[in-house]
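A look at the structure
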Amino acid sequence: MKPGMEENPLKVQMLPVHHKSSPTSTTYIFTTKSESKPTKPILLLILASFFSIAITLAFLFVLYMITFSGWKPRSSFRYSVVIDAGSSGSRAHVFRYWLESGKPVFDFGEENYASLKLSPGLSSYADNPQGASVSVAELVEFAKGRVPKGKLKKSEIRLMATAGMRLLDVSVQEEILEVTRGVLRSSGFKFQDEWASVISGFDEGMYAWVVANYALGSLGGDPLHTTGIVELGGASAQVTFFSNEVVPPGFSRTISYGGVSYKIYSHSFLHYGQDEAQEEILKSLQNSAANSTEDGIITDPCTPKGYIYDNVNSVQAAGNYSACRSVTLAKLQEGKENCVYPHCSIGSTFTPALQGKFLATENFYHTSKFFGLDEKDWLSEMIKAGKSFCGEEWSKLKEKYPTTKEKYLDGYCFSSAYIISMLHDSLGFALDDERIEFANKAGEKGISLDWALGAFILNTDTTTSDYSGRSRKMLG
Ligand SMILES: Nc1nc2c(ncn2[C@@H]2O[C@H](COP(=O)(O)OP(=O)(O)OP(=O)(O)O)[C@@H](O)[C@H]2O)c(=O)[nH]1
Ligand SMILES: [Ca+2]
């Protein structure tokens, strides 16, 4: 064997390179092409160790992402939809959440929460129940845009109607609800007929209390440190707070969250929402005009002078704040003589003594923002702002607030008086009371004070389904 030719000879390749200068001379370059390839097992071993290192690194990376950066694999997300069918409109709220050690984790940032409001509300379809399917179908499409196709049939959708529907005959409510059920059954979401319903005023108030205290971080803590809610909606107003007073049955319920029990007073004053109350006061003015013998004009102190009503006759707008405050107080005190409880603040409905701090939401917030009120002394400031606004000519107000929708502008005189006659003259908050603030969001993350979020929180927490289809119970 030639020297240097070991067992596995290296094959030598000689490649000629021709030099231009001397075409005849040829130089050879030696390249070696190794012949003895490494044996297959070594190659497999290298590949195997390469893959195991890669998989370990990938695992460590995912672990790091989940542990330190809050990243979640898409498969871990769960979804839920609540449609709030209110008197002035229906809103779809779409939630994304996940479980950590078996408990649901909520986040209402824009990645995990979206909502869409469509008007008018379901109660507008009393004469044409079938028409209700259009807005519900549109809300369903919006929700489907936020939920991965593969998750639809595991994601629950609920339609919860409030005061606007409560004002209708039960038979008409049922007709409209049945139309919505038809849409929800074929939506692709997980749905059961009883999940489309008119919820009780108690539940509506309680859910608002839940989201407020969740946002404030007091849910799951000391009941005495929770915050109450006073909500002025379109057709109803809710008062909800923790009370350790003895409360007559039907006015309180004990709910638990985070292992803590809360005895909640909650009442929804139907017909006392802002829009409904203003309409009913106007109707009673019209009736007194129709019944009056003199040919005097009946004046409406809650609407600025010069305002022309749609299909209302024999009543003249004559804005006067103090007179409007008396008219609204009279409505809030109607039936008080029939109070059979130790204390009734509004009508003949029991209300316990106010306890703790309160947030005043919906129209309390909208009207306070419109007048640009500060948190401090907002109630006494409301009186000043209302006196000035009610006393102005309607044409001047339209010039002064050209960008404000007239359907809201024509309600601020009434609202500024109604807020005081409800919160101060009836419920008993002092005009400089620091216990109550107006708000539409709460907490460091600015979570919106929408009762639908409370319904989602309570329902998802109460019986977090394991997606094995175990039925959930909505607190009712
Ligand atoms: N001034 C003003 N009012 C608003 C605005 N948006 C909504 N509102 C009023 O706020 C009230 C809405 O409160 P919601 O609770 O949403 O009322 P709703 O759910 O339609 O009615 P309910 O069935 O009684 O709850 C209605 O009286 C609306 O007219 C706004 O931008 N400005
Ligand atoms: Ca509402």
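Identification of the chain as apyrase from Eruca vesicaria subsp. sativa is taken from an unreviewed UniProt entry. Turning to the chain, the UniProt record has this under Catalytic activity (unreviewed entry): "a ribonucleoside 5'-triphosphate + 2 H2O = a ribonucleoside 5'-phosphate + 2 phosphate + 2 H(+)". For the record of the chain, the UniProt heading Sequence similarities (unreviewed entry) holds the text "Belongs to the GDA1/CD39 NTPase family."

Overview of helix α2 (residues 132–144)
Look at α2: 19 Å from first C-alpha to last across 13 residues, which is about the 18 Å you get at 1.5 Å a residue. Those residues of α2 lying buried are A132, S133, S135, V136, L139, V140 and A143. With its buried residues spanning 165 degrees around the axis, α2 presents them on a single face. Summarising the contacts, the buried residues of α2 are in contact with β3 (78–85), β4 (90–100), β6 (113–118), β7 (156–161) and α4 (170–185).

Here's the deal with the site of ligand 1
Lining the immediate environment of ligand 1, one finds 20 residues, of which S87, S88, R91, A235 and Y412 sit closest. With respect to ligand 1, the side chain of Y408 contributes an N or O atom lying 3.4 Å from a nitrogen atom. Out of a free accessible area of 640 Å², ligand 1 has 86% covered by protein chains. Broken down by secondary-structure element, the contributors of at least two residues to the shell around ligand 1 are α3 (163–166) and α8 (363–370).

What to know about the packing of aromatic side chains
Scanning the model with the defined rule gives 37 aromatic pairs in all. Seen from their ring centres, Y341 and F350 are 5.7 Å apart, and the 65 degrees between their planes marks the pair as edge-to-face. Following the ring pairs from residue to residue traces out a cluster consisting of F95, Y97, F106, F108, Y113, Y214 and F456. Positioned over the ring face of F77 is R96, at 3.7 Å from the centre of the ring.

Examining the side chain of Q274
Summarising the element assignment, Q274 is placed in helix α6 (residues 274–291). When near neighbours in sequence (up to four residues on either side) are disregarded, Q274 contacts L232, G233, G234, N363, T367, G411, F414, S415 and Y418.

Looking at the confidence of the model for the chain
Across the chain, pLDDT averages 88, with 85% of residues at or above 70. The low-confidence segment residues 1–35 (pLDDT under 50) makes 33 contacts with residues lying over four places distant or belonging to another chain. Throughout residues 465–476 the model reports pLDDT below 50, and contacts reaching past four residues in sequence, or to other chains, amount to 34 contacts. Interface predicted TM-score (ipTM) for the complex: 0.96; the corresponding pTM is 0.83.

Quick word on the pattern of salt bridges
In total, this model carries 18 salt bridges according to the counting rule given. A salt bridge links E174 to R181, with the nearest nitrogen and oxygen atoms 2.6 Å apart. The closest approach of N and O atoms between K331 and E280, which form a salt bridge, is 2.8 Å. Here the residue K331 occupies a position in helix α7 (residues 321–333), and E280 occupies one in helix α6, the gap between them amounting to 51 residues. Its relative accessible area of 8% is what places K331 among the buried residues. When its relative accessible area of 23% is taken as the criterion, E280 is described as partly exposed.

Digging into the UniProt feature "active site" (unreviewed entry) in the chain
What UniProt calls "active site" (unreviewed entry) maps, in this numbering, to E204. You can see E204 is positioned in helix α5 (residues 201–216). If near-sequence neighbours (up to four positions away) are discounted, E204 is found in contact with T162, A163, R166, I199, E231, S236, Q238, S268 and W451. At 2.7 Å, the side chain of E204 forms a polar contact with the side chain of R166.

Quick word on the layout of surface pockets
Estimated volume of the second largest pocket: approximately 160 Å³. Lining the second largest pocket are F106, D107, F108, Y214, A215, E444, K445 and I447. Per-class residue counts for the lining of the second largest pocket are five nonpolar, no polar and three charged.

Regarding the state of the cysteines
With the rule as written, the count across this model stands at three disulfides. A sulfur-sulfur separation of 2.1 Å characterises the disulfide bridge that pairs C302 with C324. For the disulfide bridge between C302 and C324, the dihedral angle about the S-S bond is near 110 degrees, and by the sign convention the bridge is right-handed. Taken as a pair, C302 in the loop between β13 (298–300) and β14 (315–317) and C324 in helix α7 lie far apart in primary sequence, 22 residues in all. By the burial criterion, C302 is buried, and C324 matches it. The partner cysteine of C339 in its disulfide is C344, sulfur to sulfur 1.8 Å. With the S-S dihedral at roughly 75 degrees, the linkage between C339 and C344 falls on the right-handed side. With relative accessibility at 5%, the residue C344 sits in the buried group.

Thresholds applied
Residues numbered from 1 in each chain as written. Chains lettered and ligands numbered in written order. Predicted model: local features only at pLDDT ≥ 70, side-chain atom pairs only at ≥ 80, totals over all residues. Heavy atoms only, no water. UniProt positions renumbered as here; feature names shortened; annotations may be inferred. Helix = DSSP H or I, 4+ residues; strand = E, 2+ residues; numbered from the N terminus. Expected span 1.5 Å × (residues − 1). Buried < 20%, exposed > 50% of the residue type's maximum accessible area, 1.4 Å probe, protein only. Arc of directions from axis to C-beta. Contact = heavy atoms within 4.5 Å. Near = heavy atom within 4 Å. Polar contact = N/O pair within 3.5 Å; in protein donor to acceptor, adjacent residues only side chain to side chain. Areas by Shrake-Rupley, 256 points an atom, 1.4 Å probe, with all protein chains shown as cover. Phe/Tyr/Trp six-rings, centres within 6.5 Å; stacked < 30°, edge-to-face > 60°. Lys NZ or Arg CZ within 6 Å of the ring centre and 35° of its normal. pLDDT = per-residue confidence, 0-100. Salt bridge = Lys/Arg side-chain N within 4 Å of Asp/Glu carboxyl O. 1 Å grid on protein atoms, 1.4 Å probe; cavity = no way out; pocket = protein on both sides within 12 Å on 5 of 7 lines; lining within 4 Å. Points joined across faces, edges and corners; volume = space filled by probe spheres on them. Nonpolar A, V, L, I, M, F, W, Y, C, P; charged D, E, K, R; others polar. Disulfide = S-S within 2.5 Å.

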